[in-house]
Amino acid sequence: MKYEQPNYDDWEDAQPHEMWAHAREHCPVIEYPGNEWNPTPSFMTTRFAEADAVLRDQRTFSASINADAMGPFMGELMLGLDGAEHRIYRNLVAHAFRRSSLERWRTELIDPLITQLLDDIAPRGSAELVADLTSKYPVQVICGIVGVPTEDHEQFNEWAVSINYGPLNPEEGRAASLAMVEYLAPLIEQRRSEPTGDLLSELVHAEIEGERLSEEKLYGFLRLLLPAGAETTYRMFGNCLVALLSDPDLHRRVRNDRTLIPALIEETLRWETSVNMVSRIATTNTELGGCPIPKGAPVTVLNGSAGRDETRWKSPDRFDIDREPVKHLAFGTGEHQCLGMHLARLELEVGIAAVLDRLANLALDPAHDEPVISGYAFRGPNELHVIYDRS
Ligand code: HEM
């Protein structure tokens, strides 16, 4: 099998698992030759071991490539920094996403939001859960945490998707990034004179070594946090629901025993994570799984493929919530491990429980095609039609 470069034209409809499985067995580190514009070859790791090694070794595999790829759309961002500088910026916001802050978000934001969203659809008896629920929920949570009006969530979701896809569609990505800055500028001015206790107020007044954050850094935070907290989690919510609703026995078990929800979420993160690619660049000549990697080569970790590594999980394509839990890489690992992972897990737990509580006799809608999880970098169902008892 030839390992084609990902085709950006069908990026959202792609089904790469078969190709990744072949590569794990025959060529775990795929090399793509350089071209006339960029002579340096690039690499993709498909197994758990190499993925874990890359993400844990930031000296050899720097995250600075993210500053080049995402900088034009997100501005200066922590995801593109290494070492001490990265830690300083991450620590400025890390407390808002620690487990200890989650109880506050749960009562103030998460519970009321999911209740409202389900109140809207419960009387209808049928819904398309991506448009009606999952795409509306995490984006409003992250807007609430940051301190931007949650009623503008649709606009934010659109900007989030355009910014995340910026490297593929730079014009749209840059336009979304500019629009977000224009929208945020007056809110930032307000918080400068009247702090309100939200994350935005904290960032506006935060200092590093006695200096306020530059505008570029401030906007960098916001343009990373909003997309990172929105698209990732809404697609993941869709993947969890597809896994649950496609298997009536599993659905019955989880409906009758809600303590199984965390295992359902962890198995979905392993089996179909929403974020499937993480980028690094080699800072020196090195090797990975026996494959020489020259200095300056981009290295992409396929963490979705790492979750199907057959040397780590038996029959990895099978969805099985009774597996012994072992570490997966859905949230990455090492210094850049997902800042929002506890929040994401909480949103999913609350979201799935609320769906089961409110939508009795929930099932896939037989009038529509079965849902399909698709995509290369970001994976999730584009549509999820369901029926349930009106209430
Ligand atoms: C299920 C949902 C999510 C998944 C699968 C996910 C996945 C990831 C992954 C794989 C990384 C590592 C990137 C790297 O090493 O280059 C990451 C980083 C990050 N995530 Fe998430 N994420 C999710 C939800 C969230 C949420 C809700 C937030 C909200 C704040 C968030 C904020 C971030 C940030 C700020 C980083 C960069 C951390 C750093 O550079 O130190 N993520 N995420």
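Report follows, based on the coordinates.

## Structural notes on the environment of asparagine 285
Here asparagine 285 is to be found in the loop between strand S7 (278-282) and strand S8 (286-288). The class of asparagine 285 is exposed, set by a relative accessible area of 59%. Leaving out residues up to four positions away in the same chain, asparagine 285 has contacts with Ile293, Pro294 and Lys295. Only 2.8 Å separates the side chain of asparagine 285 from the backbone nitrogen of lysine 295, close enough to count as a polar contact.

## Let's talk about the site of the ligand
Close contacts around the ligand come from 28 residues, with His86, Arg90, Arg280, His336 and Cys338 the closest. Within the side chain of histidine 86, one N or O atom sits 2.6 Å away from an oxygen atom of the ligand. Every element with two or more residues in the shell around the ligand is listed here: helix H4 (83-94), helix H11 (215-245) and S7. Of all the elements, H11 adds the most residues to the shell around the ligand, at seven residues. Considering only residue class, the shell around the ligand consists of 15 nonpolar, 10 polar and three charged.

## Side note on a negative patch on the surface
Together, Asp9, Asp10, Glu12 and Asp13 line one region of the surface with negative charge. Within the element layout of this structure, aspartate 10 appears in the segment before helix H1 (17-26).

What counts and what doesn't
- Residues numbered from 1 in each chain as written.
- Predicted model: local features only at pLDDT ≥ 70, side-chain atom pairs only at ≥ 80, totals over all residues.
- Heavy atoms only, no water.
- Helix = DSSP H or I, 4+ residues; strand = E, 2+ residues; numbered from the N terminus.
- Buried < 20%, exposed > 50% of the residue type's maximum accessible area, 1.4 Å probe, protein only.
- Contact = heavy atoms within 4.5 Å.
- Polar contact = N/O pair within 3.5 Å; in protein donor to acceptor, adjacent residues only side chain to side chain.
- Near = heavy atom within 4 Å.
- Nonpolar A, V, L, I, M, F, W, Y, C, P; charged D, E, K, R; others polar.
- Patch = residues over 30% accessible without salt bridge, like charges linked within 9 Å, V, L, I, M, F, W, Y side chains within 5 Å.
- Areas by Shrake-Rupley, 256 points an atom, 1.4 Å probe, with all protein chains shown as cover.
- Salt bridge = Lys/Arg side-chain N within 4 Å of Asp/Glu carboxyl O.
- Lys, Arg positive; Asp, Glu negative; His and termini not counted.
- Charge placed at Lys NZ, Arg CZ, Asp CG, Glu CD.

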